[in-house]
Structures are given as C-alpha cells and as structure tokens.
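Architecture at a glance
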Amino acid sequence: MSEVKKTTPRGGGGGGWTRFVTARPRLTLLVALVLTALAVLAGGGVADRMGSGGWEDPAAESTYATKALESRFPGSQPNVLLLVDAGAPGVDAPAAAAEARRLAERLDAEPGVDGVGSYWSTGSPALRSEDGRQGVIAARIAGEEKDAAAVLDRIAPAYRGTHGPVEVSLGGELAVRHEMQTVIQEDLLRAELIALPLTLVLLVMVFGSAVAALLPLGVGIVAILGTNAVLRGITEFTDVSVFAQNLTTALGLGLAIDYALFVVRRYREELAAGADTYAAVRTTLRTAGRTVLFSALTVAVSLAAMLVFPQYFLRSFAYAGIAVVLLAATAALTLLPAALVLLGDRVNALDLRRLLRRGRAPRAATAEAVRSGSAGDGSPRDGSPRDGSPGDDGAGWGRAAALVMRRAPVFAVVTTAGLVLLGLPFLGVKFGTADDRQLPVTASSRVVQDQLRDGFPGSPGGGLTVLAEGEATPAQYAGYRERLAALDGVARAEGPVTAGRGSAYFTVVPEGETVGADAQRVVGELRAAEAPFTTTATGPAAVLVDSKDAIADRLPWAAGIIVLVTLLLVFLLTGSVVVPLQAVLLNALSLTAMFGAVVWVFQEGHLSGLLGFTSTGDIETTLPVLMFCVAFGLSMDYGVFLLSRIKEEYDATGDHEHSVRFGLRHTGGLITAAAVILAVVMVAIGTSRVTNTKMLGLGVALAVLMDAMVVRSLLVPSVMKLTGRLTWWAPGPLRRFHDRFGISETDAPAGPGTGDGTGAESDADADGRAYSAVR
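The rules behind these values
Residues numbered from 1 in each chain as written. Predicted model: local features only at pLDDT ≥ 70, side-chain atom pairs only at ≥ 80, totals over all residues. Heavy atoms only, no water. Helix = DSSP H or I, 4+ residues; strand = E, 2+ residues; numbered from the N terminus. Buried < 20%, exposed > 50% of the residue type's maximum accessible area, 1.4 Å probe, protein only. Contact = heavy atoms within 4.5 Å. Areas by Shrake-Rupley, 256 points an atom, 1.4 Å probe, with all protein chains shown as cover. Core = buried A, V, L, I, M, F, W, Y, C linked by side-chain atoms within 4.5 Å. Pairing = 2+ DSSP bridges. Axes fitted to C-alpha atoms, helices over the stretch in contact; angles between N-to-C directions. Salt bridge = Lys/Arg side-chain N within 4 Å of Asp/Glu carboxyl O. Parallel < 35°, antiparallel > 145°, perpendicular 65-115°, else oblique. Nonpolar A, V, L, I, M, F, W, Y, C, P; charged D, E, K, R; others polar. 1 Å grid on protein atoms, 1.4 Å probe; cavity = no way out; pocket = protein on both sides within 12 Å on 5 of 7 lines; lining within 4 Å. Points joined across faces, edges and corners; volume = space filled by probe spheres on them. Phe/Tyr/Trp six-rings, centres within 6.5 Å; stacked < 30°, edge-to-face > 60°. Lys NZ or Arg CZ within 6 Å of the ring centre and 35° of its normal. Patch = residues over 30% accessible without salt bridge, like charges linked within 9 Å, V, L, I, M, F, W, Y side chains within 5 Å. Bend = angle between axes of the 7 residues up to and from the residue. Polar contact = N/O pair within 3.5 Å; in protein donor to acceptor, adjacent residues only side chain to side chain. Expected span 1.5 Å × (residues − 1). Arc of directions from axis to C-beta.

**Side note on the overall build of the protein chain**
Summing up its helical and strand segments, the protein chain has 26 helices and 13 strands in all. Counting every position in the protein chain, which comprises 775 residues, the buried fraction comes to 58%. Restricting the contact set of the protein chain to residue pairs at least 6 apart, pairs at least 24 apart contribute 80%. Carbon together with sulfur atoms contributes 62% to the accessible area of the protein chain, which is approximately 29900 Å² in total.

**Comments concerning the nonpolar core**
By size, the foremost hydrophobic cluster in this structure holds 154 residues, and its most contacted members are Phe243, Tyr259, Val325 and Leu626. If one sorts the elements of this core by residue count, helix α11 (residues 312-343) sits on top with 18 residues. Residue contacts for Leu626: discarding those within four places in its chain leaves Met306, Phe313, Leu314, Phe317 and Leu696. Judged by nonpolar contacts, the second largest core, of 37 residues, contains Leu82, Ala86, Ala100 and Leu170.

**A look at the sheet that holds strand β11 (residues 534-538)**
Read from one edge to the other, the open sheet built from four strands follows the order β9-β10-β8-β11, with strand pairing classed as antiparallel. Strands with a single pairing partner mark the edges of an open sheet, and in this sheet they are β9 (490-498) and β11. With strand direction ignored, the average angle separating the axes of adjacent strands in the sheet is 20 degrees. Bridge count for β9 against strand β10 (residues 503-510) is six bridges, and the pairing is antiparallel. Bridge pairing in β10 links Val497 to Tyr505. Helix α3 (residues 61-72) contacts β8 (464-469), β10 and β11 of the sheet and is inclined by roughly 95 degrees relative to β11.

**Looking at the pattern of salt bridges**
One pass over the structure, following the stated rule, counts 31 salt bridges. Two residues, Glu269 and Arg645, come together in a salt bridge whose shortest N-O distance is 3.2 Å. With Glu269 in helix α9 (residues 244-272) and Arg645 in helix α22 (residues 623-653), this residue pair connects regions lying 376 residues apart in the sequence. Across the pair, Arg645 and Glu269 agree in class, each one buried. Here Arg446 and Asp436 are joined by a salt bridge, their closest N and O atoms 3.9 Å apart.

**Details of the sheet that holds strand β4 (residues 134-141)**
Pairing is antiparallel in the open sheet, where five strands are placed in the order β3-β4-β2-β6-β5. In this open sheet, the two strands that pair with only one neighbour each are β3 (113-118) and β5 (161-163). Each neighbouring strand pair of the sheet contributes to a mean axis angle of 25 degrees, computed without reference to strand direction. Across four bridges, β3 lies against β4 in antiparallel orientation. Across the sheet, Ser118 pairs through a bridge with Ile137, a residue of β4.

**Let's talk about unusual backbone geometry**
Working note: non-glycine residues mostly have negative phi, and peptide bonds are mostly trans. Cis geometry marks the peptide bond from Gly495 to Pro496; its omega dihedral reads 5 degrees. A positive phi angle, near 70 degrees, is found at Leu607, a position not held by glycine. Relative to the helices and strands, Leu607 resides in the loop between α20 (592-603) and α21 (608-611). On the basis of relative accessible area, Leu607 is assigned to the partly exposed category, the value being 43%.

**Notes on the packing of α9 against α22**
At their nearest, the axes of α9 and α22 sit 11 Å apart, and the two run at 10 degrees to each other. With respect to their mutual orientation, α9 and α22 come out roughly parallel. Where α9 abuts α22, its residues Leu247, Leu251, Leu255, Asp258, Tyr259, Phe262, Arg265, Arg266 and Glu269 lie against Val630, Leu634, Asp637, Tyr638, Phe641, Ser644, Arg645 and Glu648. For the contact of α9 with α22, the residue count by class is nine nonpolar, one polar and seven charged.

**Considerations on empty space enclosed by the protein**
Enumeration over the complete set of coordinates arrives at three cavities of 30 Å³ or more. When its volume is computed, the second largest cavity comes out at roughly 110 Å³. For the second largest cavity, the lining is made up of 16 residues, of which Gln438, Thr614, Thr616, Asp618 and Thr691 are closest to its centre. Looking at the lining of the second largest cavity, the elements that each hand over two or more residues are β12 (619-620) and α24 (691-723). Ranked by residue count, the leading element in the lining of the second largest cavity is α24, at three residues. By residue class, the composition of the lining of the second largest cavity is five nonpolar, seven polar and four charged.

**Focus: the packing of aromatic side chains**
Under the counting rule described, the total for this entry stands at 17 aromatic pairs. In this structure an aromatic cluster arises from ring pairing among Trp55, Phe243, Phe313 and Phe317. We note Arg106 situated over the ring of Tyr159; from NZ or CZ to the ring centre the distance is 4.8 Å.

**Remarks on a nonpolar patch on the surface**
A surface patch of nonpolar side chains, amounting to about 790 Å² of accessible area, comprises Leu27, Leu30, Val31, Leu33, Val34, Leu35, Leu38 and Leu41. Assignment of secondary structure puts Leu41 in helix α2 (residues 25-43). A residue is classified by how much of its surface remains accessible, and Leu41, at 67% relative accessible area, is exposed.

**Looking at helix α10 (residues 277-304)**
Where α10 bends most, at Ala288, the angle is about 40 degrees. Among the 28 residues of α10, 22 are classified as buried, and the element is accordingly described as predominantly covered. With a side-chain oxygen positioned 3.3 Å from the backbone nitrogen of Tyr278, the residue opening α10 is Asp276.

**Concerning the side chain of Asp707**
Checked against the element boundaries, Asp707 lands in helix α24. Take Asp707: its relative accessible area is 0%, and that puts it in the buried class. Not counting chain neighbours up to four residues away, the residues in contact with Asp707 comprise Asn587, Ser590, Ser635, Tyr638 and Arg712.

**As for the environment of Val230**
With respect to the secondary-structure elements, Val230 resides in helix α8 (residues 210-234). You can call Val230 partly exposed: its relative accessible area is 33%. Measuring from C-alpha to C-alpha, the distance between Val230 and Val324 comes to 9.2 Å, with 94 residues separating the pair along the chain.

**Some details on α2**
Taking 1.5 Å as the rise per residue, α2 with 19 residues should run 27 Å; its terminal C-alpha atoms sit 26 Å apart, in good agreement. The set of residues buried in α2 consists of Pro25, Thr28, Ala32, Thr36, Ala39 and Gly43. Taken end-on, α2 shows its buried residues confined to a sector of 70 degrees, consistent with a single buried face. In this structure, α2 carries Arg26, Leu33 and Leu41 as exposed residues pointing more than 90 degrees from its buried face. One or two positions beyond α2, positive phi appears at Gly45, with a value near 75 degrees.

Take a look at the structure:
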C-alpha cells in the first residue's frame, strides 16, 4: 500500500498576486466597485454610437463605387424611400400628384438630404406600383451611419402619416437599419430580464447556497459593464456593430458563471478537505485559477481570429468578445477570491437545498470524517457536492465514463456518425445578405419593403449600378448600355446619367431576387463586359459577392490562427501532441449539429412559424464565421476544464483510464451545469425578433449543449480510451520544452503513482486522496 501525503501545506506558496488578493480583500473589492461605477458612466449610451451594418468589405470594388457615386451622383444610391399611397384614385390623380410633388420639394430642401427623385418627376415605371395606387419618392441621406440616422430621426415625423389625399410610409436601407438597431436594443433588455432571474434560480440549484449563487452573477455584471465601457472607447476610433452587445451579455454571463463555478467549486472542496479560508483561496488560485486563465486565453484567441476579416460586423464581435472574456477572467481571479476570503465558510450560507434534504447528519458531527477522507462511496462526508452539480457526488459520471470506455469503439463510431449526420444539411448552404426580412413582419420599414418587393417592378433601390469613369462619346455610352441590356438575367438597363466630362453611371435591374444567385451571376458579367472606359459595379448583389470573396480569402488565415494557437495552448497544458489534435478535431465535430440546424431551420424555413421569423432561403454570409468562432471558443472552454483535471490526476497516478474517469467524475456535473446555464442565456438572446440574433443565440445554445452532453460525455472518454497511454506522448524535445514552460493545475511532479496502468484503482480511493500526491 502506497503512502498518501499532501504535496504542499494548504496555503503555502502563492505568488505576489495571490498574496495581494488574500491580504487586502476589502481594498480589492473597493477598487473594483470604483472601477465598475466609472465603467457605468463611461459605457452609458454606447448603443446609440453603434452601427447596424458592417457587412461590406471596405476595400472592395463595390465599396469604392458606392462612395464615388454618393459624392458625384447622390440620387443613384437612395437609402430612404417614401412610399406614397394614393388609394383608389391612383398616383396620377391631380390632387395626389400635386401633394407628392410638394413632399418631394420639401424633402429636397431638408439639410443633409441629397439626390431627391420621384415617380412624379421622372416618370420611371420602377417608381410606380403595378396597380397604380402607390408611388415612390427616393432620396439619399449622406454621411456616416450614425449621422445619417440622426437626420432620419429628425425628419421622419414630419413625413410619416397622412398628407391630404395620400398616406406616406418610410422605408429604404437606412430606415431598415435604424429600426433594426432599435429592435435589437429592446430585445437585449428583454433578454437580460429573462436571463438574469433564470440564471440565478439555476445557480441556486447548482450551489444550494444563495450566497454562492450570487457570486457568479456579480462577476458577470462587472464583465458586462466593463465591456460596454471598452466598446464606448472603441467607437471613438472605429465602427462597432450594435449586434456585438448581444455577445457581450451572453459571454459576460456565461463565461463569468463558468469561471466562478470552477473557482467556487474548488474552494469548497478545499474547505471540505480541512483547509482554512486563506489556504483554500490560495490553493484555488494556484490550481483552478491557472485553468481559468488558460481557458480565457483559448476563448479569446478564437474570437480574436475575427480580426482578420475586413467587415466591421465581424471585427466588432472580436472587440466585444476579447474584452468580455478577459474581464470575466480578471474578475473571477480577483474579485471572487477577495469575496471568498471575506465570506469564509459563509459561502455556504442560506443553503436552500437543505429544506429538501432529510436525515442529514449535522456538519459538526462529520467534520473530522471530512478531514480524514471521503465515505466509502466516494462522496464527501459533509454531503456537499464535489463537482458543483446539485446533490450529486459525481459517482454517476464516473460510472458513465467507465461504461463508455468499456464500449469505446461503439460509442466513438456511433457518436461520430450521429454528429456527422446532423451536420449534413450544411452541405446545401446558400449565402446571402441581411435585409429587411430580418425584422418582424409588423416592423414599419419591413412593411414598406414588402410592398415594394411585391408590388413594384424591379424593386426600387435594389438594382445594380455601374460607375463609368473616363471620357466617352454618346455613341459609346449607348453601345455599352445595349451590351448591358443584352446580358443574360438582366431585365433592363438604363442610363447613362452624366456629371460633366468623364463620369457617368448606368442602372441595371436583374431578373428575380435582388441578391439571388442570378443577380450575383449578373455582377460577374457586368464586371467582365467590355467598355471603352473604366467601370466598377455596386448594389446589394455586388456587395454580397465582394463580401463572400473577402471571407473566402481570409477564412484560411482565421482557421489557421485558431487551430495553431489552440494546439500550442493545449500542448502547454498537457505536454502531449496527441491531446491537442484530439481537442481540435472533437471541438470541430461538436459544431456540426449547430451548422446543420442553421440550414435546416433558418435557410429552409422549418419551424419558422414556431420561432417567428421569415426564411429568405439563404444564410447571411458572416453568421457562420461568427458562430464558429464563438462556439469553438466555448467548446475549448469546457475542454480545458476537463483536460486539466484529467492531466492533474494522470500526473499524480500515471493511470490513464482511471484519470479519464476521475476527470469526468469531477467535471461532468460542473460542465453540464455551466452549459445549461449558458444555453439559457443564449436562448434568451435567441428570443430576439431579429433573425440573425435569433440564429446566433439558438445556434450557439445548441452547440454548447451538444458539446457538454455528447462530446465531453461520450466522445472524449471513448477516444481517449482508444488512444490509451499514447494520448500523453510527445517527442523528447517537446517534452523538455513542456517541462520548462508548460502550465499545470497541480504542483505535484508527474510520477508513476499507485495505478497499475489497468485502471484498477477505484474512484472512491481517488476521492479519499483529497488531491494528494502519491509517493
């Protein structure tokens, strides 16, 4: 029988940071309170400074053409449309026509409004409904997105509503984006009101103690408020998407809860094992604290990969995600330990689960038994959960892991096949762009756009525009227009509209959907058409084509950054070259269900009635990239928690199979509880009325649950069983590198331990060691 001995005195050691947190807890909390108050002031009104666009590539041809046309031909790029409804008399009735001309003249005189045109001034059939009851006044509000939105806010009340014989509604790209921003802010507030109380209830169920349950919420609120302040500062230098606030709330609560669960669980284990308050906090920071820091780095790297893309929509999520992850980790490693030092044993106060327990022995009567080890069944004698799950000592997870490893080939093959099958719908993905159909059907700008789409020929404002630069004769312009009109898929071509010498534009209306496959093909033909001058094309379909090209060009770089840095970080944690490869492959596999569901539900429209959205038959181009980065980072978050505990036990015992069982037993409930809570937050975000936000919230919630309940529970233990002790292999030079620079959650040196390599040591014996080194 081997001698069991503790590695270090509990509370011994600890770096300067640990000593500062434990020695000055009140000062730490006071500084945090002051900084949080400043963050509230600094982050106030951040949503009003954010944009609702950002899907275009700033360096693309379409972006250049759009800016050039805006400065030279404001009327060619209308972003505000006044839908004038004349009713039964029709738009050509004298009274209706006179009122419409008066409104157009008044709009043209508004400061900040350029390029006003209308059916009544141009006679264009594209600006008149097919039934003759409605006509369009089109205009351009110039300037940056926030400035243009301010102008729209100022003028909209004066035009919307009844004007004599006509009824006026506002639509157009600017109106759609502005209303989308308003809806997102309202939905985010509702999501927070849903998520916070539900999260608190779940935390009480997990911890039992109402005091302990409040700690993760406090960490999350600090992270969210701090991130809002960071985003407010970033808006001074660059554009930030309003969608990023949803990620701030979701990750702020989700990761704060993850990290707090991990830290508080370890702290309570140390108390149960006999350590005093200060010693328990120091040991927790020295062990679980390292894993939290490591996990935060892996999530931050996954989110930072979005910085390689030029679209500010994606870059905004990187800004918000990196900030909230680092702030959540910082709060969990500073504020939380300080609070634990002050609370001591009172972290278990207000144990609401005690009301449900019957026949439990008094804590004082069992204190000595706790110090001497666990009960024969492996549970702590004080009855407190060891893995953070309510009323569960983790034995069920240990038995499940043993069952999975006994049938490892079956579980590995069946689970992998099932995940691949769930992901098959993604093979039929079609990429599109966000439009007004992201909004609910009752949104005022959505109603206008629906009427324009269904009742007008050629969808006003949705065609393609070709900018021609260089001197040309009228005959050359006419010949070029004829070539454009003859292209396959073009309904009509109009122009040129000239501005002095050397600058003109043509309007091309594609057949079918504004951004459909045919319209995207027409973009390529326009750009390839011969012309006696330089041409550049823009319009919704051109922006989509350029956005897809930009993502395709940079996607390998983003994926490479995520994979390489993840491999390095997991190697530093485990010292193995096999485990990092397993982690990357299994994490990617865990996302298949999410991507399959995105296509099946949102592209193909299944469950659209239940979930309350309109399917456009495609997926917005940037969403899969965003969802991959977020979900992959969260999967790594859970993976690090599990791998660190397996590695800690393997270093102590050298018994591979036992270490896998031990790791799953002591993190299975924790990871599942964290995943359920994060899924609740993401589902609350998914109640948004904006389709992209709904897709992000529900898709990531599904990915998180699949990762925690399928991949971590079934696939990881079965694959690690199949790879056996080879799991921990690394070539000599890399092993020496890890010995010098690697990070571990244990201070004990790796050793052969008491395991015999067959997994014969029981989990009950493992629990009895109470995190001891076996010598």
